[in-house]
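Observations on the model geometry
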Amino acid sequence: MFNFTQAIPLSLYVHIPWCVKKCPYCDFNSHELIPDSELQQHYIDALISDLESKLPDIWGRQIGTVFIGGGTPSLFSVEMLDKLLCAIRARLNIHPQIEITIEANPGTAEGDKFTGYREIGINRLSIGVQSFDTEQLIKLGRIHTSDEAINAVALAKSAGFDNLNIDLMFGLPGQTIQSAMDDLQYAIDLTPSHISWYQLTIEPNTIFFSKPPVVPLDDEIWEIQLAGQSLLAQYGFKQYEVSAYAKDNNRCEHNLNYWEFGDYLGIGAGAHGKLTSVSAGQVVRHSQYKLPTRYMKKAGIDVASQKIIKRKDITFEFMLNSMRLLDGIPASLFMERTGLPLSVIDNELSIAEERQWLDWNMQYLKPTELGQRYLNNLLELFLPAD
């Protein structure tokens with residue numbers, strides 16, 4: 001049992017599992033299909049049933065953020081998303097300044113739809129551009145062109161989205177430092193409030209895993225990353241996490257809650273969640289059925305899995321998330337979110353400090369620049385013993 005002293009912040013994640021086309025690098029739970037109005041209706045009803053079944057676990061707790069991800073959530077009509085958000089507001093205690101994000105694909109961008117999102121209360125938009133280079137977009141299997149990506153950003157701004165994120169990759173097949181910086185400069189010139197700039201990774205169970213492309217070497221990747229960090233800083237984008245850069249402090253509050261080891265309720269096909277019970281002194285992870293058809297049959301009745309996090313695992317999970325934050329975290333957050341005293345990881349912290357991967361005391365924990373570069377090595381120190 002863990003000794004929690006206060007309530008944990010809570011977010012809601014909603015997963016929409018369909019895409020026009022599955023990208024060769026994608027390991028998310030997504031399926032190629034454009035859902036018609038009947039399927040959209042059926043799925044929204046399932047999401048609401050799923051949410052209702054979880055209410056006893058979160059009763060009275062306030063929701064600080066909502067994130068609608070996928071897949072391609074922008075395939076759903078404004079009407080259906082409005083129905084979902086109305087159901088969420090009717091059933092949950094919503095923070096007055098709640099951040100509500102939806103992901104959108106430039107290939108499915110429509111001006112009227114973006115305007116509709118604003119009208120139903122969505123106040124943050126994340127556009128999955130990935131690259132502005134036409135050849136790279138083809139290699140990545142994206143359905144949009146560079147011009148469509150630029151147009152999508154313009155449409156979002158016209159609709160009133162001032163909290164706007166662009167997703168962009170680096171370390172792409174054949175990419176050089178110069179071509180990576182050209183790509184990043186395109187994103188910067190569109191003046192979003194946030195840029196998620198992250199390295200292409202080859203994940204199991206993807207087309208790229210079975211047929212891997214030739215990507216830059218590790219040293220080249222590092223040089224690209226350093227050059228990009230410098231370029232982003234030059235234009236006022238502050239890096240606050242491994243792959244997140246915000247202008248004027250427009251950080252993604254939903255993702256911050258993950259990295260600070262907050263709680264989140266996950267609804268939708270393949271969605272995951274983490275809920276802390278202060279009274280029971282335990283943390284429970286749950287996941288939903290991945291196949292949309294099975295999920296819609298089981299929503300509100302059953303979940304695919306549910307397990308209590310063990311004491312030996314919770315410290316690793318906390319560090320796995322929190323050490324992604326460049327400014328580190330208050331040391332007090334460790335006890336608040338794990339229910340354990342910081343002393344349980346004294347040995348690991350001391351080793352990390354000796355290797356110059358971590359600065360720490362009883363006030364804060366912060367990865368050094370060297371620790372950021374060798375983050376996986378730092379995290380391995382906290383892996384639970386078998």
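For the structure given in this document, a descriptive report is provided here.

**Here's the deal with the overall build of the protein chain**
Along its length, the protein chain carries 15 helices and 17 strands. Over its C-alpha trace the protein chain gives a radius of gyration of 21 Å, about what one expects of a compact globule, namely 21 Å for 386 residues. C-alpha atoms of the protein chain, sized along the principal axes, occupy 55 × 50 × 40 Å. Each of the 386 residues in the protein chain was classed as buried or not, and the buried ones make up 54%. Summarising the internal contacts of the protein chain: among those between residues at least 6 apart in sequence, 71% fall at separations of at least 24. Carbon and sulfur atoms form 50% of the exposed surface of the protein chain, whose accessible area is close to 17500 Å². For the protein chain, the distance from the average site of its 32 positive side-chain charges to the average site of its 47 negative ones is 6 Å.

**Focus on the packing of helix α6 (residues 177–189) against helix α8 (residues 218–234)**
Describing two packed helices takes the angle between their axes plus the distance from one axis to the other. Remark: α6 packs on α8, axes separated minimally by 10 Å, with the N-to-C direction vectors making an angle of 30°. With respect to each other, α6 and α8 are oriented roughly parallel. Where α6 crosses over α8, the two elements pack in a sense that is right-handed. Contacts between α6 and α8 involve Ile177, Ala180, Met181, Leu184, Gln185 and Ile188 from the former and Glu223, Ile224, Ala227, Gly228, Leu231 and Leu232 from the latter. Split by residue class, the contact of α6 with α8 holds 9 nonpolar, 2 polar and 1 charged.

**Describing a nonpolar patch on the surface**
A cluster of nonpolar residues, Val20, Ile34 and Ile143, forms a patch on the protein surface that exposes about 230 Å² of accessible area. Its location among the elements puts isoleucine 143 in the loop between α4 (134–139) and α5 (146–158).

**Regarding the pattern of salt bridges**
Under the defined criterion, the tally for this structure stands at 9 salt bridges. Close ionic contact of lysine 54 with aspartate 50 constitutes a salt bridge, the shortest N to O distance being 2.7 Å. With lysine 54 and aspartate 50 both in helix α1 (residues 37–58) and 4 residues apart, the pair spans about one turn of that helix. Overall, lysine 54 belongs to the buried group, its relative accessible area being 6%. The class for aspartate 50 is buried, based on a relative accessible area of 1%. The partner of aspartate 263 in a salt bridge is lysine 274, and the shortest N-O contact between them spans 2.7 Å. Of this pair, aspartate 263 sits in strand β11 (residues 263–268) while lysine 274 sits in strand β12 (residues 272–277), and the two are 11 residues apart along the sequence. Comparing aspartate 263 with lysine 274, the two get one shared label, buried.

**Looking at a negative patch on the surface**
Where like charges cluster on the molecular surface, the negative patch consists of Asp218, Asp219, Glu220 and Glu223. If you trace the backbone, aspartate 218 turns up in helix α8.

**Concerning helix α3 (residues 111–119)**
Along α3, the positions that sit buried rather than exposed are Lys113, Phe114, Gly116 and Tyr117. Around the axis of α3, the buried residues are gathered within 155° of arc, so they sit on the same side. Turned more than 90 degrees away from the buried face of α3, the exposed residues are Asp112 and Glu119. Remark: glycine 121 follows α3 within two positions and exhibits a positive phi of approximately 105°.

**Structural notes on unusual backbone geometry**
The general pattern is negative phi for most residues beyond glycine and trans for most peptide bonds. Residue glycine 71 is reached from glycine 70 by a cis peptide bond, and omega for that bond is 20°. You will see that asparagine 205, though not glycine, has its phi angle at about 65°, which is positive. Residue position: asparagine 205 is located in the loop between β8 (194–199) and α7 (207–210). For asparagine 205, a relative accessible area of 77% corresponds to the exposed category. Even without a glycine there, the phi angle at aspartate 248 is positive, about 55°. Here aspartate 248 shows up in the loop between β10 (244–247) and α9 (253–259). Residue class for aspartate 248 comes out exposed when judged on its relative accessible area of 68%.

**As for the sheet that holds strand β16 (residues 358–360)**
Taken in spatial order, the 3 strands line up as β15-β17-β16 in an open sheet, and their pairing is antiparallel. On the outer flanks of this sheet lie β15 (329–330) and β16, each paired with one strand and no other. The pairing of β16 with strand β17 (residues 364–367) spans 3 bridges and is classified as antiparallel. Within β17, the position partnered with aspartate 359 by the bridge is lysine 366.

Conventions we followed
- Residues numbered from 1 in each chain as written.
- Predicted model: local features only at pLDDT ≥ 70, side-chain atom pairs only at ≥ 80, totals over all residues.
- Heavy atoms only, no water.
- Helix = DSSP H or I, 4+ residues; strand = E, 2+ residues; numbered from the N terminus.
- Rg over C-alpha atoms; globule rule 2.2 N^0.38 Å.
- Buried < 20%, exposed > 50% of the residue type's maximum accessible area, 1.4 Å probe, protein only.
- Contact = heavy atoms within 4.5 Å.
- Areas by Shrake-Rupley, 256 points an atom, 1.4 Å probe, with all protein chains shown as cover.
- Lys, Arg positive; Asp, Glu negative; His and termini not counted.
- Charge placed at Lys NZ, Arg CZ, Asp CG, Glu CD.
- Axes fitted to C-alpha atoms, helices over the stretch in contact; angles between N-to-C directions.
- Parallel < 35°, antiparallel > 145°, perpendicular 65-115°, else oblique.
- Left-handed = near helix turned anticlockwise from the far one by under 90°.
- Nonpolar A, V, L, I, M, F, W, Y, C, P; charged D, E, K, R; others polar.
- Patch = residues over 30% accessible without salt bridge, like charges linked within 9 Å, V, L, I, M, F, W, Y side chains within 5 Å.
- Salt bridge = Lys/Arg side-chain N within 4 Å of Asp/Glu carboxyl O.
- Arc of directions from axis to C-beta.
- Pairing = 2+ DSSP bridges.

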